[in-house]
Amino acid sequence: MNSLEVSRLAYAYPDGTQALFGVDFTIGRGERVALLGPNGAGKTTLVMHLNGILTAGHGAVTVAGTPVRKDTLKEIRQRVGLVFQDPDDQLFMPTVRDDVAFGPANSGVAGEELERVVKAALDRVGMLDAIDRPPHHLSFGQRRRVAVATVLAMAPEILVLDEPSSNLDPAARRELAEILRSLDVTVLMVTHDLPYALELCDRSLILSDGVIAADGPTRELLADVELLAAHRLELPYGFAIPAPERG
Ligand code: ADP
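Just so it is clear, the structure is predicted and the values come from calculations on it, not from any experiment. (Residues numbered from 1 in each chain as written. Predicted model: local features only at pLDDT ≥ 70, side-chain atom pairs only at ≥ 80, totals over all residues. Heavy atoms only, no water.)

**Overview of the sheet that holds strand E5 (residues 66-67)**
Formally: Strands qualify as paired when DSSP identifies two bridges or more between them. The helix and strand labels rest on DSSP assignments: H or I over at least four residues marks a helix, E over at least two residues marks a strand, and numbering proceeds from the N terminus. Here a residue-residue contact requires only that any non-hydrogen atoms of the pair lie within 4.5 Å. Lines fitted to the C-alpha atoms define the axes, with helices restricted to the stretch that makes contact. Angles between their N-to-C directions range from 0 to 180 degrees.
The strand order across the open sheet built from 4 strands is E2-E1-E4-E5, with neighbouring strands paired in antiparallel fashion. One side of each edge strand has no neighbouring strand; the edge strands of this open sheet are strand E2 (18-28) and E5. In this structure, strand E1 (residues 2-12) lies alongside strand E4 (residues 58-63), joined through 5 bridges in antiparallel fashion. What sits directly across from Ser7, in E4, is Ala60. Across the face of the sheet, helix H1 (residues 43-50) comes into contact with E1, E2 and E4 while running at roughly 125 degrees to E1.

**Side note on the UniProt feature "domain: ABC transporter" (unreviewed entry) in the chain**
Operational definition: UniProt positions are given in the numbering used here, feature names are shortened, and annotations may be inferred rather than shown by experiment.
Residues annotated by UniProt as "domain: ABC transporter" (unreviewed entry) correspond here to residues 4-234. Taken end to end, residues 4-234 comprises 37% helix and 26% strand; its first and last C-alpha atoms sit 28 Å apart.

**Describing the nonpolar core**
Worth spelling out the cut-off: Among the buried residues, those of types Ala, Val, Leu, Ile, Met, Phe, Trp, Tyr and Cys that are joined through side-chain atoms within 4.5 Å form a nonpolar core. Per-residue accessibility, obtained with a 1.4 Å probe over protein chains only, is compared with the maximum for each type, and a residue is labelled buried under 20%, exposed over 50%, and partly exposed between these values.
Counting residues in hydrophobic clusters, the biggest one holds 51 residues, and the most contacted among them are Leu36, Val100, Leu122, Val146 and Leu159. The element best represented in this core is helix H5 (residues 140-152), accounting for 6 residues. Dropping the residues within four chain positions of it, Val146 is found in contact with Leu91, Val96, Val100, Leu122, Met127 and Leu138. Counting 27 residues, the second largest nonpolar core, distinct from the first, contains Leu9, Leu20, Val63 and Leu188.

**Let's talk about the layout of surface pockets**
The line we're drawing: Of the two site types, the cavity is a set of points on a 1 Å grid over the protein atoms alone where a 1.4 Å probe fits but cannot get out, and the pocket is an open set with protein on both sides within 12 Å along at least five of seven lines, each lined by residues with an atom within 4 Å of a point. Grid points are joined across faces, edges and corners, and a volume is the space filled by probe spheres set on the points. By the convention adopted, Pro, Cys, Tyr, Trp, Phe, Met, Ile, Leu, Val and Ala count as nonpolar, Lys, Arg, Asp and Glu as charged, and the other residues, Gly among them, as polar.
When its volume is computed, the largest pocket comes out at roughly 580 Å³. Every residue lining the largest pocket is counted, 21 residues in all, and those nearest its centre are Arg77, Phe102, Gly103, Thr150 and Met154. If you list the elements that add at least two residues to the lining of the largest pocket, you get helix H2 (73-79), strand E6 (80-83), helix H3 (96-106) and H5. With 5 residues, H3 is the largest single contributor of residues to the lining of the largest pocket. Per-class residue counts for the lining of the largest pocket are 9 nonpolar, 8 polar and 4 charged. In this model, the second largest pocket occupies a volume close to 210 Å³. Around the second largest pocket, the lining is made up of 13 residues, and of these Lys43, Thr44, Val47, Met48 and Asp162 lie nearest the centre. Secondary-structure elements contributing two or more residues to the lining of the second largest pocket are H1 and E6.

Pasting the structure below:
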């Protein structure tokens, strides 16, 4: 079973800007995949199709067999867990508990079961101790982990993370990597942090000018200097990946 199937997805904004030109890929259950690409490549437009904020101009998006359509949106939004770049766009309740409970409570989970779901989600991101705290008293890295918990509490089919390492100090960045690796869930991670992609995702997609320009093992893509340069992707200073040995 695939967690996500995107087939011939094309989309133009109302002003006529064509952002996606026929995007095709699938993500199998349990895979962790990085979505790389320069600014303006169409990454945000693609992500907005995954939970139906935008609906396909042409082509189709299917989440665990369910097509993303107006009549399936409720189910799709439960299955696709979007973690925004800014946790403050995701956390708005007086306590961490209330924020993590919000989604499941809306889906009808209540009482002891709700408390169990909330605690389990917080435990998975190492934030159970903060359950009674106001989110705005937490560090940025802690708020990002709680934002991940709000989504995990919905038992999503796929976790979609927008720039998960942005604004994190090195320790918080590493801690989040450990958490993401420990989760038994399909992940699509949009990132400009190529070492983070290498560390966390065996496979990467390069989206460029609205098409998938490359789809393969992260290590191979990042070792391909010409491919990176062609799509305005750059490894940090001093970071080099030896080309895979051939023959
Ligand atoms: P990325 O997330 O990779 O930076 P986007 O999906 O934001 O790329 O943008 C893809 C293309 O669509 C760009 O050319 C961008 O200018 C255009 N675009 C994004 N949002 C809109 C919008 N609301 N209206 C018109 N064009 C847009």
